[in-house]
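An overview of the molecular structure
One-letter residues, chain by chain:
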Amino acid sequence: FSQGAALALFTGLTGRLSKTPTGILCMSGYLPRPADIMLNDSTKSIPISMHHGEADSMVQPEMAQMSLEHLQDMGHNNVTLRMYPNLDHGANNEEIEAVQAWLQKVIPPQ
């Protein structure tokens, strides 16, 4: 969430991890330093689910939209952004349900 989401995006996409992430969840975050990210074959298809409040006063909604556009411009082909009306810098039930559905889809069953 927020700065943690920014860190998850940056770390997950730099390709420096020993294992490619199964997915990256970004709630009320953004992509920091997009110029420092070079996607490769394994990172450009990592599922990324971005969620952001349209009324976020801490991390402006435009930052989420710009992050989505940066990722798409870099050739990432599996990223979504869902915006939530009237949601400030937090989460609501609709967002939590969407995140839960995404996690169930992305994380393989045990």
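Here the structure is a predicted model, which is why all the values come from computation and not from measurement.

Along the chain, the position of Gln3 falls in helix H1 (residues 3–13). Considered as a pair, Gln3 and Ile107 are 104 residues apart in the sequence and their alpha carbons are 23 Å apart.

A few words on the pattern of salt bridges. If you walk through the whole model with that rule in mind, you get three salt bridges. Put simply, Asp36 and Arg33 hold a salt bridge, and the shortest N to O gap is 2.5 Å. The partly exposed category is assigned to Asp36, whose relative accessible area is 39%. Exposure remark for Arg33: the relative accessible area of 55% places this residue in the exposed category. The salt bridge involving Glu94 is made with Arg82; its shortest N-O contact spans 2.9 Å. Here Arg82 lies in strand E3 (residues 79–84) and Glu94 lies in helix H3 (residues 93–106), a separation of 12 residues in the sequence.

This part covers the sheet that holds strand E1 (residues 24–27). The three strands lie next to each other as E1-E2-E3, forming an open sheet whose pairing is parallel. Looking at which strands have only one partner, the edges of the open sheet turn out to be E1 and E3. Neighbour-to-neighbour, the strand axes of the sheet open up by a mean angle of 10 degrees, direction not taken into account. Sheet topology note: the strand E2 (residues 48–53)/E3 ladder contains six bridges and is parallel. Residue His52 lies in a different strand from E3, and its bridge partner there is Met83. With respect to the sheet, H1 is in contact with E1 and E2, its orientation differing from that of E1 by roughly 150 degrees.

So, how was this worked out
Residues numbered from 1 in each chain as written. Predicted model: local features only at pLDDT ≥ 70, side-chain atom pairs only at ≥ 80, totals over all residues. Heavy atoms only, no water. Helix = DSSP H or I, 4+ residues; strand = E, 2+ residues; numbered from the N terminus. Salt bridge = Lys/Arg side-chain N within 4 Å of Asp/Glu carboxyl O. Buried < 20%, exposed > 50% of the residue type's maximum accessible area, 1.4 Å probe, protein only. Pairing = 2+ DSSP bridges. Axes fitted to C-alpha atoms, helices over the stretch in contact; angles between N-to-C directions. Contact = heavy atoms within 4.5 Å.

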